[in-house]
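Chain by chain, the residues run as shown.
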Amino acid sequence: MITREQWLLREMRIVANLRLSGMDAEGVVKKAKAENIFQYRTERSLGSIARTCNKRIAAVDSEAIVGIVANGLPDAAAQANLYMMMCAYQIVRNFMLTEIARRYAELDFSFTKSDMNAYFTRLEAEYDNMAASPESTTVKLKQVLKKCLVECGMLSGPRSEELIPIYIDPDVKDAIEAKGDFAALPAFNCREAI
């Protein structure tokens, strides 16, 4: 579940490198548990984090995106990681396309706490499982989504209420286009795809 998994860019870079070197998903999980490849203080979550990283790699189904996460410059890797999350988690994709892409398209660079609350109110009205989830889950989801924006440079910090127009890395853009996922590009302030 995304509320437990978070951003994980450092972990994604490690796993992406292993996968690109030819290791399969199960091999990564075994290596994570045996060698503590993430350098965590406790080892109880190593397997689940490795499985999460594998899930994102499987969901994106793009060696180019995996390569950017593994070896790209920090900004490009962050954008590629966010795109992986959009592929793996419907809520991240929905949020990025309905809230962030729309604001970029309309040159509306405000994104307030009220906007985030309104987004979740709409989700709760549309989806029974969202309405039935505990408030703590909603709070955590809001934190995860905000963290994604901060880590990609779309917000300057967790308390910021002003979206920063970003420039999609050309390699990330090319990889997303190669997948034919043109609908995702506006989430990265890519206007020509709108």
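Model, not experiment: these values are computed from the prediction. (Residues numbered from 1 in each chain as written. Predicted model: local features only at pLDDT ≥ 70, side-chain atom pairs only at ≥ 80, totals over all residues. Heavy atoms only, no water.)

Checked against the element boundaries, Tyr83 lands in helix H6 (residues 74–88). Tyr83 sits 94 residues away from Glu177 along the chain, and the two C-alpha atoms are 12 Å apart. With sequence-adjacent residues up to four places away left out, Tyr83 is seen in contact with Val60, Ile65, Ile176, Lys179, Asp181, Ala184 and Phe188. (Helix = DSSP H or I, 4+ residues; strand = E, 2+ residues; numbered from the N terminus. Contact = heavy atoms within 4.5 Å.)

Turning to the packing of helix H4 (residues 46–60) against H6, a few remarks are in order. The interhelical angle for the contact between H4 and H6, taken along N-to-C directions, is 80°, at an axis separation of 8 Å. Taken as axis vectors, H4 and H6 run roughly perpendicular relative to one another. For the pair H4 and H6, contact is made by Lys55, Arg56, Ile57, Ala59 and Val60 and by Asn81, Tyr83, Met84, Met85, Cys87 and Ala88, respectively. When grouped by side-chain class, the residues that make up the contact of H4 with H6 number 8 nonpolar, 1 polar and 2 charged. (Axes fitted to C-alpha atoms, helices over the stretch in contact; angles between N-to-C directions. Parallel < 35°, antiparallel > 145°, perpendicular 65-115°, else oblique. Nonpolar A, V, L, I, M, F, W, Y, C, P; charged D, E, K, R; others polar.)

A side chain of one charge can pair with a side chain of the opposite charge when the charged atoms of the two come close. The tally for this structure, following the rule as stated, stands at 10 salt bridges. Note that Lys31 is salt-bridged to Glu35, the shortest N-O span being 2.9 Å. Of the two residues, Lys31 and Glu35 both sit in helix H3 (residues 25–35), 4 residues apart, roughly one turn of that helix. For Lys31, a relative accessible area of 23% gives the class partly exposed. One salt-bridge network, in which partners are shared between bridges, spans Glu99, Arg102, Arg103, Glu106, Asp115 and Arg122. (Salt bridge = Lys/Arg side-chain N within 4 Å of Asp/Glu carboxyl O. Buried < 20%, exposed > 50% of the residue type's maximum accessible area, 1.4 Å probe, protein only.)

With the rule as written, the count across this model stands at 5 aromatic pairs. Plain terms: the ring middles of Phe38 and Tyr40 are 5.6 Å apart, the flat faces sit at 40° to each other, and that makes the pair tilted. Overall, Phe38 belongs to the buried group, its relative accessible area being 0%. An aromatic cluster of at least three residues, connected via ring pairs, comprises Phe95, Phe111, Tyr119 and Phe120. (Phe/Tyr/Trp six-rings, centres within 6.5 Å; stacked < 30°, edge-to-face > 60°.)

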